[in-house]
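# Remarks on the overall topology
Take a look at the letters that make up each chain.
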Amino acid sequence: MTRSRSPGCAKTEPSELKRLMPSASNRAHHWWTWRLFGLLFLLVLPAWAQAKPTLIWLLRDLPPLTIFEGPKKGQGVIDQLMPMLIAGMPQYEHTLMRVNRARGIQMLHEHPFACDPSLIWNKERAQWIAFSIPAFRAVSNGLVVRQRDRDVLESFLVEGEVDLSAFLANGERKVGVVAERSYGEYIDTLLHQAPSGALTPHYGNDALSSLLSMQRLGRLQVVLGYWPEIRYQARQAEIAEDELLFFPIRGTGKYLSGHVGCTDTTSGRQAITEINQLLRTLPHEHLNQLYADWLDPERRQDYLEQARIFFQQQAAQ
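Read on for a plain summary of the structure. Predicted model only: the values in this text are computed from it and were never measured.

### Focus on the packing of aromatic side chains
- Summed over all chains, the structure comprises seven aromatic pairs.
- Judged by centre distance (5.5 Å) and plane angle (70°), the ring pair of Y255 and Y303 falls under edge-to-face. Taken together, the residues span a long stretch of sequence, with Y255 in strand β13 (residues 255-263) and Y303 in helix α13 (residues 297-316) at a distance of 48 residues.
- You can call Y255 buried: its relative accessible area is 12%.
- In this structure Y303 comes out as buried when scored by relative accessible area, which is 1%.
- Cluster of aromatic residues (ring-pair linked, three or more members): Y255, Y291 and Y303.
- In this arrangement the basic side chain of K72 is found over the ring face of W294, its NZ or CZ atom lying 5.8 Å from the centre.

Pasting the structure below:
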C-alpha cells in the first residue's frame, strides 16, 4: 500500500541532501585546516616579531686595512678583522657596503645603524659618532714628494720631520689630501687652520691614487697620507717606490689608533658596547703581524713591540 504524499512536499534526492548537509568528515577536515593555519601563524609570529636588525658595515679601499682589488684582495688587516666581528655578533644581519670616505661620513650622519671599522678618533667626530676602544695601531701620516721635488720640503725639515704648520702657512705649495679623511687629531687641527687654498682635497673613490697621479704629472708636488697605503697605491700605478720620499710630521707620535665608529643612536651605541667586548678578546698579535708585514723591514720590529705594549696596557684597564 502506497502512502499518499502531500502536494506541498517536494521529493529531495540523496545528492541534494549531501549538498545541504556537510558530512562529518568535511567538518573535521575544515576544523583541522583552520587549526593548522593557527599553529603556523603562532610559529611564524615570533620569528617575524624578532627579526634581526641589519647592521651596515661601511668599507673603503684603504690598503693595508681593506683591499678591494688586485693580487692582495681581501688580505688587509680589516679584511681579516671583519669575519671575527661578524661571527661574534650573530644577533645582527650584517651587510657590507663599499663607499668612499665622503659617502661613508654621510652614511654615519644619516643612517640609523651603520658602522665603519677603520676610523681615526678626533673631537669633532666624537660629537656625532660612537667610537669603540682602539681596534688596531697604524703608522702616523706624513708628507710624500717625488725625489726631484725634495727641495720643496727642505727648508721645513727639523731633524728629518716636516714642520707642517710652517709649510701650510708658507702657502707656496698645495698639499693633496683625501676629502673628509681624518689624519689624526694633531694633523687635523693643522689642516683646519690652514690658509684658504693651501689644500687640494680629492673626493673620488680612488682619491689617493688620483692624487699620486696628479703628483706624477707635476700638477701637485706634496701628498699627505699613510706611507704603507702610498707604497701600495704607487705600486698599483706602476710608480717606482724609489721615486718617492716620505717624511714624518713633527709633533705627531710614530703610531696612532684606529677605531670602529657607529652612528650615535641607541642601536649604534649598543653595537659599540658589544664590539668593545669582542675587541678585548680578539687576537691582536695576529692583526699586528698582518699590519707589520706592510712596513719597511727596519720599522717592523719597533711597530710590533710598541703595538704589543699598547694592547697589553689596554687589556689591563
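### Re the side chain of R231
- Turning to its location among the elements, R231 is positioned in helix α10 (residues 227-236).
- From its side chain, R231 meets the backbone oxygen of W294 in a polar contact 3.0 Å long.
- Leave out the neighbours within four places in its chain, and R231 touches E241, W294, L295 and D296.

What counts, and where the lines are drawn
Residues numbered from 1 in each chain as written. Predicted model: local features only at pLDDT ≥ 70, side-chain atom pairs only at ≥ 80, totals over all residues. Heavy atoms only, no water. Phe/Tyr/Trp six-rings, centres within 6.5 Å; stacked < 30°, edge-to-face > 60°. Helix = DSSP H or I, 4+ residues; strand = E, 2+ residues; numbered from the N terminus. Buried < 20%, exposed > 50% of the residue type's maximum accessible area, 1.4 Å probe, protein only. Lys NZ or Arg CZ within 6 Å of the ring centre and 35° of its normal. Polar contact = N/O pair within 3.5 Å; in protein donor to acceptor, adjacent residues only side chain to side chain. Contact = heavy atoms within 4.5 Å.

Function cannot be inferred from these measures alone, as they are strictly geometric.
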